[in-house]
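# Observations on the three-dimensional arrangement
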Amino acid sequence: MRRILKWALLLIAIVAVCGFGAFLYFIPPFFTTPPETFGKALADAAPEVSGITDPAERAIAARGRYLVMTTGCIGCHATNGSQGPDLTKYLAGGALKIHTPQGIFVSRNLTPDPETGIGRRTDDELKRVLRSGTFADGHVVPGTAMPWPALSNWSEEDRHAVVVYLRHLPPIAHRIPAPVPGNAITIPGTIEQDYAGKDYGIK
Amino acid sequence: MKDRIRNYACVCTLAAVLTGGLLWISRAAVEAQPRGKAVYDAHCVECHGPAGKGDGASAAYLVPRPRDFTTGKYKIRSTESGTLPSDDDLIGSVRRGLYGSAMPGWDRILADSDIIDVVQYLKSLSPQFASNPPKSIAISDGLPSSPASIARGQQVYDKLQCGKCHGSDGRGAGAVATAFEDDWRMPLRAADLTEPWTFHGGATSRDIYLRFRAGMAGTPMPSFADAASDAEMWDLANYVVSLARKPVWSMTADEIRQFYAGQQAQAKADPVKRGAQLVDTLGCVMCHSPVDEGKRMLPGMRLAGGLLMRINPFGDFPTGNLTSDQATGLGNWTGDEIKRAITKGIRRDGSRLLPFPMDYGSLSTLTADDLDAIVAYLRTVPAVSNKVPPPSRPFLPVYLWGKFRMLILGADLPMEFYHGNAGTKGASQ
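Residues numbered from 1 in each chain as written. Chains lettered and ligands numbered in written order. Predicted model: local features only at pLDDT ≥ 70, side-chain atom pairs only at ≥ 80, totals over all residues.

## Section: the domain arrangement of chain A
Let me state the cut-off plainly: The start and end points of each domain follow an automatic or database-based domain assignment.
What the domain assignment lists for chain A is domain 1 (1-30) and domain 2 (35-194). Taking only C-alpha atoms, the centre of domain 1 of chain A and the centre of domain 2 of chain A are 44 Å apart.

## A word on the pairing of strand β6 (residues 414-418) of chain B
We count it as follows: Exposure in this text rests on C-beta crowding, where 20 or more other C-beta atoms within 10 Å of a residue's own make it buried, 12 or fewer make it exposed, and counts in between make it partly exposed. The C-beta atoms are placed from the backbone. Strands here are runs of E lasting at least two residues and helices are runs of H or I lasting at least four, both read from the DSSP assignment and numbered beginning at the N terminus. Two strands make a pair as long as DSSP finds a minimum of two bridges between them.
Among the 5 residues in β6(B), 4 count as buried, and that is most of the element. Examined bridge by bridge, strand β6 (residues 190-194) of chain A and β6(B) share 5 bridges and lie antiparallel to one another. Of the residues in β6(B), the one forming a bridge with A:Glu192 is B:Glu416. As paired strands, strand β3 (residues 308-311) of chain B and β6(B) are joined by 3 bridges and run antiparallel to one another. The residue bridging B:Met309 from the neighbouring strand is B:Phe417, located in β6(B).

## Some thoughts on the interface of chain B and chain A
The extent of an interface is frequently quoted as the accessible surface area lost upon association of the parts. Our working rule: The contact rule is simple: place each C-beta atom from the backbone, and if two of them lie within 7 Å, those residues are in contact. Gly counts as polar in this scheme, as do all residues outside two lists: the nonpolar Ala, Val, Leu, Ile, Met, Phe, Trp, Tyr, Cys and Pro, and the charged Asp, Glu, Lys and Arg.
Opposite the 61 residues of chain B that make contact, chain A presents 55 residues. Among the elements of the structure, α10 (253-269), α11 (271-281), α12 (284-287), α13 (335-344), α14 (360-363), α16 (396-407) and β6 of chain B are those that each provide at least two residues to the side of chain B that touches chain A. For the side of chain B that touches chain A, the per-class residue count stands at 36 nonpolar, 15 polar and 10 charged.

## Some points on the nonpolar core
Most often, soluble globular proteins keep nonpolar side chains buried together rather than apart. Residues and elements named next belong to chain B. As a reminder of what qualifies: Nonpolar cores are built from buried Ala, Val, Leu, Ile, Met, Phe, Trp, Tyr and Cys residues. These are joined into a set through C-beta atoms within 7 Å.
If you look at the biggest cluster of nonpolar residues, it comprises 108 residues, and the most contacted ones within it are Val118 and Ile374. Every residue in contact with Ile374, bar those within four places of it in the chain, is listed here: Gly275, Leu278, Val279 and Ile342. Tyr157, Cys162, Leu236 and Tyr239 belong to the second largest nonpolar core, which has 20 residues in total.

## Side note on the sheet that holds β3(B)
Spatially, 7 strands are ordered β5(A)-β4(A)-β3(A)-β6(A)-β6(B)-β3(B)-β4(B) in an open sheet, and the strand pairing comes out antiparallel. Where the open sheet ends on each side, the last strands, each with one partner, are β5 (180-181) of chain A together with β4 (315-318) of chain B. Examined bridge by bridge, strand β4 (residues 103-106) of chain A and β5(A) share 2 bridges and lie antiparallel to one another. Within β5(A), the position partnered with A:Ile104 by the bridge is A:Val180.

## Regarding the domain arrangement of chain B
Taken domain by domain, chain B comprises domain 1 (2-131) and domain 2 (147-245). Grouping the amino acids of the side of domain 1 of chain B that touches domain 2 of chain B by side-chain chemistry returns 6 nonpolar, 5 polar and 6 charged.

## Description of the packing of helix α1 (residues 2-26) of chain A against α16(B)
Let me state the cut-off plainly: Where helices are involved, their axes are fitted lines through C-alpha atoms of the stretch in contact, as for all axes, and angles between N-to-C directions lie from 0 to 180°. If an angle is under 35 degrees, it is roughly parallel; if it is over 145, roughly antiparallel; if it lies from 65 to 115, roughly perpendicular; otherwise it is oblique.
Running from N to C, α1(A) and α16(B) point in directions that differ by 80 degrees, and their axes come no closer than 9 Å. As summarised for this structure, α1(A) and α16(B) are arranged roughly perpendicular, according to the angle between their axes. Residues A:Gly21, A:Leu24 and A:Tyr25 of α1(A) touch α16(B), and the partners they reach there are B:Leu400, B:Lys403 and B:Phe404. Partitioning the contact of α1(A) with α16(B) into residue classes produces 4 nonpolar, 1 polar and 1 charged.

Printed below as a string of structure tokens:
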């Protein structure tokens with residue numbers, strides 16, 4: 001009787017370990033949303049422009065929405081919740097921490113919150129970051145951390161549309177740590193990105 | 001005797017003052033150089049490169065390319081063709097930035113003294129500043145713009161055959177030459193003369209006059225100082241100013257809708273051009289081209305894949321070859337297969353991409369026309385044979401342990417981007 005119990009317990013333990021292993025093996029890597037529906041989820045999450053009262057601004061923001069959505073700003077500028085990106089906090093930043101030879105950069109809050117987002121930045125400042133990776137304090141974010149060299153190829157009018165759209169996002173208070181200058185890589189010749197699916201913002 | 005002593009004392013004092021002054025000046029000059037270099041290293045290296053050769057990490061993705069300071073060729077000058085720019089020209093470019101390029105205006109970001117120092121440092125990178133001093137153009141008063149001047153300017157535009165590059169309408173219609181290279185064999189666009197906010201050196205009639213008069217060194221834009229009279233160049237400047245169209249930020253809602261509809265129609269008519277624009281702006285090039293230790297794109301490897309990403313704990317994922325090569329690129333993929341990979345993350349063999357870093361979720365929100373345009377453009381990318389190995393997964397326990405650490409323990413597992421080409425170049429030839 002006791003021997004049977006011992007074997008049964010052992011069997012249960014083995015099954016549990018294997019089951020846990022299988023769970024780890026099969027669980028989707030980052031997001032629990034099925035990959036094919038990402039696009040729809042992202043498109044649904046991008047706030048609509050229909051609430052903008054000025055018709056010219058609305059038309060430009062619609063173009064900006066398309067650019068922001070398709071270019072994948074959300075890929076880095078999402079805020080992560082426990083189940084992957086929290087799409088109710090669209091573009092509030094903090095999904096990624098990037099170690100480069102120039103410093104550590106955390107993806108920033110792109111909503112118009114005045115304290116923690118872009119609310120106090122002028123249009124020219126925002127466009128300069130999108131065009132040149134250059135911030136108002138003079139620091140230049142490497143193209144390997146933020147793909148501004150690609151965004152630099154937007155026409156000035158498209159860049160304007162993106163800024164107009166960002167201005168109309170619902171503001172979300174989410175503080176992001178400032179860049180830390182200095183060589184921050186451990187393996188020479190690499191760029192390292194932390195992406196553990198957690199929020200690198202300041203809680 | 002007393003006089004002689006006094007004279008001697010005078011001469012000595014004078015000499016001492018002079019020597020002191022000279023010493024002070026030379027020390028200031030010596031100090032200015034490292035100071036300028038410090039400013040350069042902090043703000044300019046990302047694009048212009050550590051040695052000022054215009055080969056920074058971000059340079060290869062930008063059109064126009066960042067300036068190579070070692071050759072002494074500068075586009076924006078108020079000096080005669082064949083000479084170097086004045087200090088004020090360089091300071092102006094740094095301060096204002098170059099519109100329509102990635103060069104930002106550093107005014108109010110850097111102190112005036114920093115801008116002056118960095119310009120002195122830039123000049124030290126090219127020996128020609130010592131041997132070929134700038135020769136300023138004596139700028140005439142100019143002609144006020146009037147319908148008559150604009151009409152004359154249009155005749156000058158035809159006479160000088162500006163339309164050959166800039167098009168009969170100033171925006172490329174009927175242009176003979178459409179693909180340009182600068183002296184460094186890097187791609188270049190002819191300015192769209194209806195978009196003055198993209199004129200690198202500014203859009204006043206004086207700015208435009210100076211571009212005709214001085215030429216733009218290093219580009220196919222010559223100086224017209226010998227081909228046209230001063231008055232003709234002013235008329236031409238007035239004509240170019242008159243070509244300006246309304247930018248989207250000054251349009252009414254109806255005009256904006258019309259403008260975007262027009263853009264869409266143009267994109268449909270020329271999908272390759274639209275596709276090139278999409279591939280450039282979506283950042284495809286930034287991962288699908290291998291880089292060297294300085295993060296500079298390997299020459300001739302644009303879109304040829306092979307940049308190794310180690311995504312812990314999932315394994316090694318070298319980026320794919322997107323060129324039109326039959327054996328190693330997308331040459332044999334059907335349009336639908338390319339679109340399926342872009343929008344659903346499914347490879348040609350049916351296997352799946354990770355949802356990251358290639359953000360196919362976002363790409364799946366592209367319109368059907370834009371997806372067609374991307375395919376159309378990728379078909380035209382010159383074939384580069386670069387056989388990229390398939391992704392490799394780590395040893396099973398390592399994989400499970402990594403996933404356990406990441407998902408249960410919440411550890412930061414870095415994604416590492418390596419330099420060098422993980423593919424085998426020319427493997428299939």
